[in-house]
Amino acid sequence: MTHILDATAAGDQDFLAPAARISGNGTAGLIPMTDLEHADRLRRMREGTLGSLHSWELVTAVDGPGVRMTIFLAGCGLRCQFCHNPDTFLMRDGEPVELEDLLKRIKRYRKTLNASGGGITISGGEAMMQPHFVAKLLEGAKELGVHTCIDTSGFLGRNVTDSMLENIDLVLLDVKAGIPELYKEVTTGELQPTLDFGDRLAAKGIETWIRFVLVPGLTDSVENVEAVASIVEKWPNVSRVEVLPFHQMGRDKWNRLGLEYKLADTEPPGRELIESAREIFRSHGLTVY
Ligand code: SF4
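Residues numbered from 1 in each chain as written. Predicted model: local features only at pLDDT ≥ 70, side-chain atom pairs only at ≥ 80, totals over all residues.

Draft legend 1. How the structure looks around the overall build of the protein. Scanning the protein from N- to C-terminus turns up 9 helices and 9 strands. The C-alpha radius of gyration computed for the protein amounts to 18 Å, which stays within 12% of the reference 19 Å derived for 289 residues, consistent with globular compactness. Taken along its principal axes, the extent of the C-alpha atoms in the protein is 50 × 40 × 35 Å. Of all intrachain contacts in the protein linking residues separated by at least 6 positions in sequence, the fraction that spans at least 24 positions is 76%. (Helix = DSSP H or I, 4+ residues; strand = E, 2+ residues; numbered from the N terminus. Rg over C-alpha atoms; globule rule 2.2 N^0.38 Å. Contact = placed C-beta atoms within 7 Å.)

What follows is the structure, encoded as structure tokens:
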């Protein structure tokens, strides 16, 4: 997903065309609980009253409908070759933030979010690395009458309990490849947990948007795009598919972190390639953006 072309933004959402950034910068406006003892920090994270936050921001026309407060949590178990925000990989690199503090901020923007048909989107990193915190955040947001969305790879879908699902209005589900071997090559993880999570969302009828990052030479084969489309077409709860063109905005972060960036020489896909991928999804009866 790509919002705003902002260096502080995180997560898979960083692949959409730029929309609009309204406000937000890192963890601005929140009080980091940096004085907590390590044991207290762990205990509070386990009980879900403390989260490890990378950043938050207000966006429009990305990360779900309307104006959204997107909350980027720190930590991810995958290592996608095309990750735009490798600085979210480690949970310990996030700022410890209290649930109540974050809910106060959501409350502050509630009118704006609701008036636009928007809400909150919990992203990352991988949101489901912190399931206890996310569960309480979703519950608190629903109590405030705010639309809720999670942005996830589905890799940790097993961490999403049925009661959490009851507090989720929309899921942005990233399907990074449709061929298991390729999924492993792209992400280092297995495809099956994403399929299982997608099946659960379908069984529950939870609205889902699919995101697929089109990377020339990696994910762009007809065979792979067809495989993703064949997976997604079985989920009647999917109301849109977003084909997100790969870009190079994450390259400097990989370099700064001293990590090997395999896509350093990969060009973004051209218009024709993007359109042909979208056409494959359309041919499976899917609504594509
Ligand atoms: S799921 Fe992949 S793209 Fe998203 S934060 Fe993790 S490594 Fe990056």
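Draft legend 2. Fine view of the pairing of strand S9 (residues 238-245). Pairing geometry for strand S8 (residues 207-214) and S9, over 7 bridges, is parallel. Pairing of Ile210 across the sheet is with Val241, part of S9. (Pairing = 2+ DSSP bridges.)

Draft legend 3. Representation of the environment of Met69. Its place among the elements puts Met69 in strand S3 (residues 67-73). Residues Met69 and Gly119, 50 residues apart in the sequence, show an inter-C-alpha distance of 6.4 Å. Apart from residues no more than four positions distant in its own chain, Met69 is found in contact with Trp56, Leu58, Ile106, Tyr109, Leu113 and Ile120.

Draft legend 4. Geometry of the packing of helix H2 (residues 99-115) against helix H3 (residues 131-143). At a minimum axis separation of 10 Å, H2 and H3 run at an interaxial angle of 35 degrees. In this structure, H2 meets H3 at a crossing whose hand is right-handed. On H3, the residues touching Leu99, Leu102, Leu103 and Ile106 of H2 are Phe133, Lys136, Leu137, Gly140 and Ala141. (Axes fitted to C-alpha atoms, helices over the stretch in contact; angles between N-to-C directions. Left-handed = near helix turned anticlockwise from the far one by under 90°.)

Draft legend 5. Expanded view of the nonpolar core. If you look at the biggest cluster of nonpolar residues, it comprises 67 residues, and the most contacted ones within it are Ile71 and Phe212. If sequence neighbours within four positions are ignored, Phe212 has contacts with Val175, Val228, Val241, Val243 and Leu244. (Core = buried A, V, L, I, M, F, W, Y, C linked by C-beta atoms within 7 Å. Buried ≥ 20, exposed ≤ 12 C-beta atoms within 10 Å, placed from the backbone.)

Draft legend 6. Structural context of the environment of Asp265. Along the chain, Asp265 falls in the loop between helix H8 (251-256) and helix H9 (271-283). Note: C-alpha distance between Asp265 and Gln248 (17 residues apart in sequence) is 9.2 Å.

Draft legend 7. Broad picture of unusual backbone geometry. The step from Gly124 to Gly125 runs through a cis peptide bond, and the omega angle for that step is 15 degrees. Turning to its location among the elements, Gly125 is positioned in the loop between strand S5 (119-123) and H3. Although it is not a glycine, Ala61 sits at a positive phi angle of roughly 70 degrees. You will see that Asp63, though not glycine, has its phi angle at about 65 degrees, which is positive. The buried category is assigned to Asp63, around which 31 C-beta atoms lie within 10 Å.

Draft legend 8. Main features of the packing of helix H7 (residues 222-232) against H9. Relative to each other, H7 and H9 sit at 35 degrees, their axes nearing to 9 Å. Between H7 and H9 the crossing geometry is right-handed. Each of Val222, Val225, Glu226 and Ala229 in H7 lies in contact with H9, whose residues at this interface are Ala277, Ile280 and Phe281. Residues belonging to the contact of H7 with H9 are distributed by class as follows: 6 nonpolar, no polar and 1 charged. (Nonpolar A, V, L, I, M, F, W, Y, C, P; charged D, E, K, R; others polar.)

Draft legend 9. Expanded view of H3. Helix length check: H3, at 13 residues, gives a terminal C-alpha distance of 18 Å against a target of 18 Å (1.5 Å per residue), a fit within 8%. Residues of H3 that are buried include every one of Phe133, Val134, Lys136, Leu137, Leu138, Gly140 and Ala141, and no others. In this structure, the buried side of H3 is in contact with helix H1 (38-47), strand S2 (50-60), H2, S5, strand S6 (147-152) and helix H4 (162-165). Backbone geometry just after H3 places Gly145 at a positive phi near 80 degrees. (Expected span 1.5 Å × (residues − 1).)

Draft legend 10. Quick look at the pairing of S2. Within S2, 9 of the 11 residues are buried, which leaves the element mostly enclosed by the surrounding structure. Alignment of S2 against strand S4 (residues 95-98), held across 4 bridges, turns out to be antiparallel. Counterpart to Gly51 in the pairing with S4 is Val97. Both S2 and S3 contribute to a ladder of 7 bridges, which runs antiparallel. Its bridge partner lying in S3, Thr60 is registered against Val67.

Draft legend 11. Region of the structure containing helix H6 (residues 192-204). With 13 residues, H6 should reach 18 Å at 1.5 Å per residue; the first-to-last C-alpha distance of 18 Å fits that figure. Within H6, burial applies to Thr194, Phe197, Gly198 and Leu201. What you see down the axis of H6 is that its buried residues fit within an arc of 100 degrees, all on one side. Opposite the buried face of H6, at more than 90 degrees from it, the exposed residues are Gln192 and Ala203. Tucked inside the fold, the buried residues of H6 contact strand S7 (170-174) and S8. Following H6 by one or two positions, Gly205 has its phi on the positive side, about 70 degrees. (Arc of directions from axis to C-beta.)

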